[in-house]
Amino acid sequence: MDVKFIQQKRFIIFPTLGSNNKLTKLRRNMFLPCVAVLTRPAEKNGVTDQETTKLGNINTVYRDNWFDKIATDHLSQAVQVTSGWRSKKRGYESLVEVATMASRSFNQIKQREVIMQALERAFPRPILSLIRTLLPQSKFTREYFAAFTTVFFAWLVGPCEVKESDFNGRREKNVVQINKCRFLEQTNCVGMCINLCKFPCQDFIKDSLGMPVEMVPNFDDMSCKMIFGQDPPASVDDPVLKQPCYKICKTKAKHTTNCFI
């Protein structure tokens, strides 16, 4: 709720005695105390205004609808089964909690394996194989995947939009621009972003749908680009491996300097 202040004025008539013994009117402006009114903030795509946490960080506040909650619980349950960890929480908090436990308990290779297995449980292989057969890589498929991601996966990564890029000398709408990644914002961990999202998602989409995709996170503003049709660099050569983790990372003590090695 937002608090809005409304200033009010009241006009008061004061009687006085004039020379003709008549009442004259003196109008004086008297300001009353401000009145606070609670109003609901405007919502857009399930996201309200940002709030400041106790640590001074500014986090986006989400208002998940019924589809968002079902999708989040479904993926969280898949991660819980493959990781062996359980969460008593619901919604996105459960997904973040079980992902955090996996990052603290497993090395980077095992983390990626857990997420790959979870994605295979969450998205049935026969359906993915059918999509791969019906939609071989093409300009239409790349643009279709980009548009599909912005519509059906905003619950996972936050608000996003389709952008153009140069692909083989021509312009295509094959890029998903994630304005501020919800998962990275919630975890505040570079290692979790890389090992539990970037690398396993790139491999899963390529293996299951036949579509190469490179995810390029920006750790300064927590945005990210998904470039469909573009092969990512080899994991050992990826520039993200040189990125140190955030100072406020809660899992930092469990890792080395780069938080994911």
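Scroll up for the structure.
In this report, we go over the structure that sits alongside the text. (Residues numbered from 1 in each chain as written. Predicted model: local features only at pLDDT ≥ 70, side-chain atom pairs only at ≥ 80, totals over all residues. Heavy atoms only, no water.)

**As for the overall build of the protein**
Along its length, the protein carries eight helices and 10 strands. Classification of the 261 residues of the protein by burial places 41% in the buried group. Pairs at least 24 residues apart make up 55% of the contacts formed inside the protein by residues separated by at least 6 positions. Summed over all atoms, the accessible surface of the protein reaches about 16,000 Å², with 55% contributed by carbon and sulfur. (Helix = DSSP H or I, 4+ residues; strand = E, 2+ residues; numbered from the N terminus. Buried < 20%, exposed > 50% of the residue type's maximum accessible area, 1.4 Å probe, protein only. Contact = heavy atoms within 4.5 Å. Areas by Shrake-Rupley, 256 points an atom, 1.4 Å probe, with all protein chains shown as cover.)

**Examining helix α3 (residues 108-122)**
Over its 15 residues, α3 extends 21 Å from the first C-alpha to the last, a length consistent with the 21 Å expected when each residue adds 1.5 Å. Every buried residue of α3 is listed here: Gln111, Arg112, Val114, Ile115, Met116, Ala118, Leu119 and Ala122. Among the structural elements, α1 (66-83), α2 (92-105) and α8 (190-209) are those in contact with the buried residues of α3. Two or three places before Ile109, at the opening of α3, Asn107 has a side-chain oxygen 3.2 Å from that residue's backbone nitrogen. (Expected span 1.5 Å × (residues − 1). Polar contact = N/O pair within 3.5 Å; in protein donor to acceptor, adjacent residues only side chain to side chain.)

**Some remarks on the packing of helix α4 (residues 125-134) against α8**
In the contact formed by α4 and α8, the axes pass within 8 Å of each other and the chain directions differ by 70°. Between α4 and α8, the interaxial angle falls into the category roughly perpendicular. Together, Arg125, Leu128, Ser129, Ile131 and Arg132 of α4 and Phe204, Lys206, Asp207, Ser208 and Leu209 of α8 make up the contact between the two elements. For the contact of α4 with α8, the per-class residue count stands at four nonpolar, two polar and four charged. (Axes fitted to C-alpha atoms, helices over the stretch in contact; angles between N-to-C directions. Parallel < 35°, antiparallel > 145°, perpendicular 65-115°, else oblique. Nonpolar A, V, L, I, M, F, W, Y, C, P; charged D, E, K, R; others polar.)

**Observations concerning the environment of Asp73**
By the element assignment, Asp73 lies in helix α1. Under the relative-accessibility criterion, Asp73 is labelled buried at 18%. In this structure the C-alpha to C-alpha distance between Asp73 and Leu95, which are 22 residues apart in sequence, comes to 7.5 Å. Apart from residues no more than four positions distant in its own chain, Asp73 is found in contact with Arg90, Gly91 and Ser94.

**Remarks on the environment of Val96**
Along the polypeptide, Val96 turns up in helix α2. Note on Val96: relative accessible area 14%, which makes it buried. Beyond its immediate stretch of four places on either side in the chain, Val96 contacts Gln186, Thr187 and Met192.

**Remarks on α2**
Over its 14 residues, α2 extends 20 Å from the first C-alpha to the last, a length consistent with the 20 Å expected when each residue adds 1.5 Å. Of the positions making up α2, those classed as buried are Tyr92, Ser94, Leu95, Val96, Val98, Ala99, Thr100, Ala102 and Ser103.

**Examining the pattern of salt bridges**
Applying the stated criterion across every chain yields a total of 12 salt bridges. With a shortest N-O distance of 3.2 Å, Glu120 and Arg125 are connected by a salt bridge. Note that Glu185 is salt-bridged to Lys180, the shortest N-O span being 3.2 Å. Because the salt bridges share partners, they merge into one network encompassing Arg142, Arg170 and Glu172. (Salt bridge = Lys/Arg side-chain N within 4 Å of Asp/Glu carboxyl O.)

**Here we look at a nonpolar patch on the surface**
Taken together, the side chains of Trp66, Phe67, Ile70, Phe140, Tyr144, Phe148, Val151 and Phe152 present a nonpolar region at the surface, about 860 Å² in accessible area. Elements with a minimum of two residues in the nonpolar patch: α1 and α5 (139-152). Of the residues forming the nonpolar patch, the biggest block, five residues, is contributed by α5. Within the secondary structure, Tyr144 is located in helix α5. For Tyr144, a relative accessible area of 36% translates into the label partly exposed. (Patch = residues over 30% accessible without salt bridge, like charges linked within 9 Å, V, L, I, M, F, W, Y side chains within 5 Å.)

**Let's talk about the packing of aromatic side chains**
Scanning all chains against the criterion turns up 11 aromatic pairs. Measuring from centroid to centroid gives 6.2 Å for Phe123 and Phe204, while their planes differ by 40°, and the two rings are tilted. Residue Phe123 is located in the loop between α3 and α4, and its partner Phe204 is located in helix α8; the two are separated by 81 residues in the primary sequence. A relative accessible area of 27% means that Phe123 is categorised as partly exposed. Among the aromatic residues, those joined into a ring-pair cluster are Trp66, Phe67, Phe123, Phe140, Tyr144, Phe145, Phe148, Phe152, Phe153, Trp155, Phe204 and Phe228. Its end group placed over the ring of Tyr62, Arg182 keeps NZ or CZ at 4.1 Å from the ring centre. (Phe/Tyr/Trp six-rings, centres within 6.5 Å; stacked < 30°, edge-to-face > 60°. Lys NZ or Arg CZ within 6 Å of the ring centre and 35° of its normal.)

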